[in-house]
Amino acid sequence: MVYTLNLIKNCFVSLREIHWQKIMKSFNTTGPCRPDEHYMLPPEERLVGANLSRYLDERLYWVLYAPRQTGKTTFLINWMHELNATSKYVACYVSVEITQGMTDVERAIPLIRESIRKYAGDFSLSVPQADTADPGFMLSNIMGNWAKLVAPKPLIVFFDEVDVLTGDALISFLRQLRGGFASRGVGKFPISVAIVGMRDLKDYITQSKDGVAPNPGSPFNIKKDSILLKNFSEEDVTRLFAQRTAETGQRITQEALDYVWEQSQGQPWIVNNLFDRATTRVLDYRSTETVELKHIVEARRQMIEARETHLDSLVYRMQDAAVKPVVETVISGETNMDLNLDSPGVQQAMDLGLLTFDANKGLSISNPIYTEILTRVVNSSMQIMMPPPSNFKWQKPDGSLDMDSLLQEFQQFWRDNSELWEAKSDYTEAFPHLLLLAFLQRILNGGGRIDREVAAGSGKMDLYVEYHGYKCIMEIKVLRDSKSYERVLEEGLQQIKRYQDRKAPGAPLYLLIFDRRSESKKAAWEERIKWDENEERVTVVGL
């Protein structure tokens, strides 16, 4: 009897497992979203400046651009299916990612031809043939043949990942599209073509011409519009998790939602990753326990430590010679008069999604998670070489954080090592900020959290430190020849209090001023190292 009851119980549990696996959708972090498999919001809601029906009615060519992992491919494939379902058009998505790194026409264009044939077959569409072996005409030839093949329906093609094309391969690709543009029509050439990637078309052309901007009369001026796919709004973040609540009954606290928005600023991949980790790794995937702030905080920690492909790709892009000085300027908070919103490095960093511009904050890293990833990467060699925490005094007898002792230890470390370490650093302007962060990360990684806030031209870096319940605010200022100590001190006191009011009212305040004036570097260390607990309850740490 007991055996029979246990068997029935086990069968019930197994059936419940199968039921969960069958009905549950997931938060997607890999590849395009599928409505039947993933929680998702209509990507077309986030298109800025789009008039989709007009592109078809007026037979227009257009550009869609956005950083990676924002939903471009999901939108294109979903719209392709919608158009084909009307039976009025034949639409096809084609990725040219296979041509990554190829600059020669002879290799790249035949691969694009084969990609067209592959995707047409994958989506059960008519598969075209090419009549020529000449790469200089091969693309326009197969596109014309394809239009004839699907007539009397008009042909629409979405070319994705175009940003992987460079040099002569890119020029030939665009020239052949331009060659068919004038004769576009049913049975002749696609009536509408989307060129999709991380950048606007003008940026592709500039890149292919060794940095020379396209002439306004360029033969590549075939596009009607450039459309941006923006991030989620704060409301979108709430709507996305609400789909899981509706399906499983699992809820999320407002505090947790607010933290997801704060850390992601609506970047779709980050939002989905935090939700996915919180609901399937921090909590059991079958759990209906309410998702709280602590679960999202742990999901964030896991995501940063995992350094998944999306984050690694950003790090790789950051090494670009044009982008690197821009990132350093933002991290240091300095003002660089050689940079503006039209500068190639700034434009590239913004198109990649690394940076954003806001009238109030200026040029800043797009979200706190990117900020942490980028600063960890640029100071990774420092952190690796940093002595272990046991070498420093930083804990009280009860194991809690002793921030006064920790910063006094850093003062000594700065005195002993800064000159040698700076000589080997690639980031001289941001060196003080990066060395301090490496020091804090090395010691607090076991159970601490450091939130960073940076912006070009702000003249500061703000840090919020939390360790086992202890919280404090730090602000990093750099004193250079152009300013007096008194002015920098006054600025810092005002700025740190504003940050405290917004981030952690009542938390202890530490203002760190690195004296980088040429005269000060000649002075004895005893004159440069300072510790002052002023009447405004701010500890001023001089270095």
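What counts and what doesn't
Residues numbered from 1 in each chain as written. Predicted model: local features only at pLDDT ≥ 70, side-chain atom pairs only at ≥ 80, totals over all residues. Heavy atoms only, no water. Helix = DSSP H or I, 4+ residues; strand = E, 2+ residues; numbered from the N terminus. Buried < 20%, exposed > 50% of the residue type's maximum accessible area, 1.4 Å probe, protein only. Areas by Shrake-Rupley, 256 points an atom, 1.4 Å probe, with all protein chains shown as cover. Salt bridge = Lys/Arg side-chain N within 4 Å of Asp/Glu carboxyl O. Polar contact = N/O pair within 3.5 Å; in protein donor to acceptor, adjacent residues only side chain to side chain. Contact = heavy atoms within 4.5 Å. Expected span 1.5 Å × (residues − 1). Pairing = 2+ DSSP bridges. Core = buried A, V, L, I, M, F, W, Y, C linked by side-chain atoms within 4.5 Å. 1 Å grid on protein atoms, 1.4 Å probe; cavity = no way out; pocket = protein on both sides within 12 Å on 5 of 7 lines; lining within 4 Å. Points joined across faces, edges and corners; volume = space filled by probe spheres on them. Nonpolar A, V, L, I, M, F, W, Y, C, P; charged D, E, K, R; others polar. Axes fitted to C-alpha atoms, helices over the stretch in contact; angles between N-to-C directions.

*Asks:* Can you explain the overall build of the protein? Please cite residues and give values.
*Replies:* When helices and strands are counted, the protein shows 20 helices and 14 strands. With respect to the three principal axes, the spread of C-alpha positions in the protein is 85 × 85 × 35 Å. Residues counted as buried form 52% of the 543 residues belonging to the protein. When the accessible surface of the protein is summed, it comes to about 25000 Å², and 49% of that surface belongs to carbon and sulfur atoms.

*Asks:* Run through the pattern of salt bridges, naming residues and quoting values.
*Replies:* Per the stated rule, a full pass over the model turns up 25 salt bridges. For aspartate 284, the salt bridge goes to arginine 286, with nearest N and O atoms at 2.8 Å. The class for arginine 286 is partly exposed, based on a relative accessible area of 32%. Beyond isolated ion pairs, a larger network of salt bridges with shared partners links Glu262, Arg449, Asp451, Glu466 and Lys503.

*Asks:* Lay out the side chain of arginine 516 in plain terms, naming residues and giving numbers.
*Replies:* In this structure, arginine 516 sits in the loop between β12 (509-515) and α20 (525-528). Within the structure, the side chain of arginine 516 is placed 2.4 Å from the side chain of glutamate 422, a separation counted as a polar contact. If near-sequence neighbours (up to four positions away) are discounted, arginine 516 is found in contact with Trp414, Glu422, Thr428, Phe431, Pro432, Val478, Leu479, Arg480 and Lys521.

*Asks:* How would you summarise helix α10 (residues 268-282) if you had to cite specific residues and measurements?
*Replies:* Between its first and last C-alpha atoms α10 spans 20 Å; for 15 residues at 1.5 Å apiece the expected length is 21 Å, and the two agree. Along α10, the residues classified as buried are Pro268, Trp269, Ile270, Val271, Asn272, Asn273, Leu274, Phe275, Asp276, Arg277, Ala278 and Thr279. Near the N-terminus of α10, the side chain that reaches the backbone nitrogen of tryptophan 269, with its oxygen 2.8 Å away, is that of glutamine 267.

*Asks:* Report on the pairing of strand β7 (residues 355-358), specifying residues and quantitative values.
*Replies:* One ladder, built from 4 bridges, connects β7 with strand β8 (residues 362-365); its direction is antiparallel. Considered in β8, the bridge of phenylalanine 357 is made with leucine 363. Here β7 hands over to β8 after 3 residues, the two strands then running antiparallel side by side.

*Asks:* Which residues make up the side chain of serine 192, and what values do they have?
*Replies:* Within the secondary structure layout, serine 192 lies in strand β5 (residues 192-197). Excluding residues that lie within four positions of it along the chain, serine 192 makes contacts with Tyr55, Leu56, Leu60, Tyr61, Trp62, Leu155, Ile156 and Val157.

*Asks:* Any details on the nonpolar core? Residues and values, ideally.
*Replies:* As a rule of thumb, soluble globular proteins bury nonpolar side chains together. Phe275, Leu354, Met403, Leu435, Leu463, Met474 and Leu512 are the most contacted members of the largest nonpolar core, which totals 86 residues. Sorting elements by how many residues they give to this core places helix α18 (residues 431-444) first, with 10 residues. Apart from residues no more than four positions distant in its own chain, phenylalanine 275 is found in contact with Phe27, Val237, Leu240, Phe241, Ile252, Leu257, Val260 and Ile296. With 62 residues, the next largest nonpolar core counts Tyr89, Leu139, Ile156 and Val164 among its residues.

*Asks:* Break down empty space enclosed by the protein for me, with residues and values.
*Replies:* A full pass over the atoms with the stated rule returns 1 cavity of 30 Å³ or more. Its volume calculated, the largest cavity comes out at about 60 Å³. Residue lining of the largest cavity: Arg68, Met198, His310, Ser313, Leu314, Arg317 and Leu352, and that is the complete set. Each residue belonging to the lining of the largest cavity can be placed in one class, and the counts come to 3 nonpolar, 2 polar and 2 charged.

*Asks:* Could you give an account of the sheet that holds β12, naming the residues involved and the relevant values?
*Replies:* Within a beta sheet, neighbouring strands are joined by backbone hydrogen bonds and run either parallel or antiparallel to one another. Taken in spatial order, the 6 strands make up an open sheet running β9-β10-β11-β12-β14-β13, and their pairing is mixed. Only two strands of the sheet have a single partner each, and these edge strands are β9 (448-454) and β13 (530-533). Taking each pair of neighbouring strands and ignoring which way they run, the sheet shows an average axis angle of 20°. Bridging between β12 and strand β14 (residues 538-542) involves 5 bridges; their strand directions are parallel. Directly across from isoleucine 513, in β14, lies its bridge partner glycine 542.

*Asks:* Pulling in residues and values, what's your account of helix α5 (residues 135-150)?
*Replies:* Here α5 is 16 residues long and its end C-alpha atoms lie 23 Å apart, about the 22 Å a rise of 1.5 Å per residue gives. Turning to α5, its buried residues are Pro135, Met138, Leu139, Asn141, Ile142, Met143, Gly144, Asn145, Trp146, Ala147 and Val150. Its buried side turned inward, α5 meets β3 (90-95), α4 (105-122), β4 (155-160), α6 (167-181) and β5. Two or three places before glycine 136, at the opening of α5, aspartate 134 has a side-chain oxygen 2.9 Å from that residue's backbone nitrogen.

*Asks:* Give me unusual backbone geometry: which residues, what numbers.
*Replies:* A cis geometry characterises the amide bond from alanine 151 onward to proline 152, with omega recorded as 15°. The topology assignment puts proline 152 in the loop between α5 and β4. Although it is not a glycine, glutamate 161 adopts a positive phi angle of roughly 65°. Looking at the secondary structure, you find glutamate 161 in the loop between β4 and α6. A positive phi angle, close to 45°, is found at histidine 468, a residue other than glycine. Classification of histidine 468 as exposed rests on a relative accessible area of 62%.

*Asks:* Outline the environment of proline 152, listing residues and values.
*Replies:* Relative accessible area serves as the criterion here: at 73%, proline 152 is assigned to the exposed category. Along the primary structure proline 152 and glutamate 334 are separated by 182 residues, whereas in three dimensions their C-alpha atoms are 60 Å apart.

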